[in-house]
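Chain and residue survey
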Amino acid sequence: MAKKPNFPIKPTTRLVIAGRDAQAYHGFVNPPVYHASTVLYPTAEDQVAHRSRYQYGRRGTPTSDALENALIALEGEACAGVTLLPSGLTAISTALISAVSAGDHLLVSDSVYRPTRHFCNGVLKRVGVATTYYDPLVGADIGKLFRPNTRAVFVEAPGSQSFEMQDIPAIAKVAHEKGALVLMDNTWATSLYFRAFEKGVDLSIQAGTKYIGGHSDIMFGCVSANAKTFPALKQTIITMGLCVGPDDMYLALRGLRTLSVRLERHYQSGLKVARWLVQRPEVQRVLHPALESDPGYKIWQRDFSGACGLFSIVLKPTSEKSVHAFMNKLTLFGMGFSWGGFESLIILFDCTEYRTATKWAPGGPTLRLHIGLEDADDLIADLGQGFAAMKAAG
Ligand SMILES: *Cc1c(COP(=O)(O)O)cnc(C)c1O
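Heads up: these notes are all about the structure in this document.

Thresholds, definitions, all that
Residues numbered from 1 in each chain as written. Predicted model: local features only at pLDDT ≥ 70, side-chain atom pairs only at ≥ 80, totals over all residues. Heavy atoms only, no water. Near = heavy atom within 4 Å. Polar contact = N/O pair within 3.5 Å; in protein donor to acceptor, adjacent residues only side chain to side chain. Areas by Shrake-Rupley, 256 points an atom, 1.4 Å probe, with all protein chains shown as cover. Helix = DSSP H or I, 4+ residues; strand = E, 2+ residues; numbered from the N terminus. Nonpolar A, V, L, I, M, F, W, Y, C, P; charged D, E, K, R; others polar. Pairing = 2+ DSSP bridges. Contact = heavy atoms within 4.5 Å. Axes fitted to C-alpha atoms, helices over the stretch in contact; angles between N-to-C directions. Phe/Tyr/Trp six-rings, centres within 6.5 Å; stacked < 30°, edge-to-face > 60°. Lys NZ or Arg CZ within 6 Å of the ring centre and 35° of its normal. Buried < 20%, exposed > 50% of the residue type's maximum accessible area, 1.4 Å probe, protein only. Core = buried A, V, L, I, M, F, W, Y, C linked by side-chain atoms within 4.5 Å. Domains from an automatic or database assignment.

**As for the site of the ligand**
Around the ligand sit 14 residues in total, of which Gly88, Leu89, Asp185, Thr209 and Lys210 are the nearest. Within the backbone of Gly88, one N or O atom sits 2.7 Å away from an oxygen atom of the ligand. Between the ligand and Trp339 there is a distance of 3.0 Å, counted from an oxygen atom to a side-chain nitrogen or oxygen. Against a free-state accessible area of 380 Å², the protein chains account for coverage of 92% of the ligand. Of the residues forming the shell around the ligand, the biggest block, three residues, is contributed by helix α4 (residues 88-99). When the residues that make up the shell around the ligand are grouped by side-chain class, the tally is six nonpolar, five polar and three charged.

**A word on the sheet that holds strand β8 (residues 283-287)**
Strand order in this open sheet of five strands is β8-β9-β12-β11-β10, and the pairing throughout is mixed. Since the sheet does not close on itself, it has two edges, and those belong to β8 and β10 (333-334), each with one partner. As paired strands, β8 and strand β9 (residues 310-315) are joined by four bridges and run antiparallel to one another. Bridge pairing in β9 links Val283 to Leu315. Against the sheet, helix α10 (residues 259-279) makes contact with β8, β9 and β12 (366-370), and its axis sits at roughly 10° relative to β9, the strand it touches most. Across the sheet, helix α12 (residues 320-329) lies against β9, β11 (344-349) and β12, angled at about 165° from β11, the strand it touches most.

**Considering the packing of aromatic side chains**
In the structure shown here, the tally under the stated rule is nine aromatic pairs. Through a chain of ring-to-ring contacts, three or more aromatic side chains come together here, namely Tyr193, Tyr267, Tyr297 and Trp300. Over the face of the ring belonging to Tyr54 we find Arg53, whose NZ or CZ atom lies 4.5 Å from the ring centre. Taking the ring centre of Tyr133 as reference, the NZ or CZ of Arg117 above it sits at 4.0 Å.

**Side note on the pairing of β12**
Burial runs high along β12: five of the five residues are buried. Here β12 shows no split at all, with Thr366, Arg368 and His370 on one side and Leu367 and Leu369 on the other all buried. Strand direction decides the pairing type here: β9 and β12, joined by five bridges, are antiparallel. Within the sheet, the bridge partner assigned to Ser312 lies in β12 and is Arg368. Across five bridges, β11 lies against β12 in antiparallel orientation. Each residue of the ladder has a partner; that of Ile347, found in β12, is Arg368.

**Thoughts on the nonpolar core**
In terms of nonpolar packing, the biggest core is built from 90 residues, with Trp188, Phe220 and Leu369 touching the most fellow members. Here the element with the most residues in this core is α10; it accounts for seven residues. Two domains each put at least three residues into this core: domain 1 (11-257) and domain 2 (260-393). Among residues more than four places away in sequence, those in contact with Trp188 are Ala157, Pro158, Phe163, Tyr211, Pro289, Trp300, Phe304, Gly306, Ala307, Cys308, Leu310 and Trp339. Core analysis: the next-biggest nonpolar cluster, separate from the first, contains 27 residues, Ala99, Val100, Ala225 and Phe230 among them.

Have a look at this one:
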């Protein structure tokens, strides 16, 4: 913007003003969507010298600049740069590739997003990077798992199905003492509710498909880096030729502008529904780190400034048929993967078969809920009808 505040501003204000340049856009508030590959140079001399603000569509446009600048401003001072990726998973895989090399060892949380695990066990293994999974509750004891060639630790808090909290500052302290980098999947809290760089993270990853997009209509990811990690990250993106389509970049920027109000509602409604579920006789446990009763509550309260709308429940043992009857009765909860859009979702999940460092034995069927922007009381009414159908099904 032409005039900048000369006083310290909060992240929510940064979300609104960052990356805007009305003068460059003829006074319009938002940037144009540049559909672009070729950039023309005015003269032969300019072409030979590559003398132009932009070189090629893949290497950046005014649209990608606006989104990158907004994301950088949101992260704050410690962020040296942000790179844009075509999905959350490419953001994860690219950040990892930028951080490890053949012969390195990597520590990854056992609660990590499952496709991250597939990438480590598949591509990284094939190119000579060994992965050890660790108990997400390990804290400073992670030091015992370090080998001389441990180059990075990949954290995710909370786990996006099982919701264990991690003591990221404690893990980061050990990692840095041992000369390793800390990568984090920060999709759950976003950079609004978890200030990754202030807690010791070196590369912070978000699946922008979720809350940044916010409307279940784009695939997008981003990686924020500090000064130590940005050069290698940027080089990796450039050499691998990764870029995002202009319409998706625009929608990500549009989503970003309203992130704070949407998240606030997801947070409050999510807690309201979670508290109601705690009281239900059908529910054994609610896995939500912002509930005082949750084992992760203390860490959440210390390190996070909010929660999103995603959490899980463990039902008391009951038949599969009755759980299906519960889900099939719901009218406001769609059954589908992903989350972070305006709408509520529910899925059945099971982590038992793939965990290697910890045992997942919840003692009942597990469901993950995403609380959308519907009225929380309506969602509660819907779940109540679901429980009635569950009881009827036996
Ligand atoms: C969805 C998700 C991703 C991957 O994002 P995509 O855009 O679907 O590739 C990564 N991490 C977490 C925690 C997610 O929930």
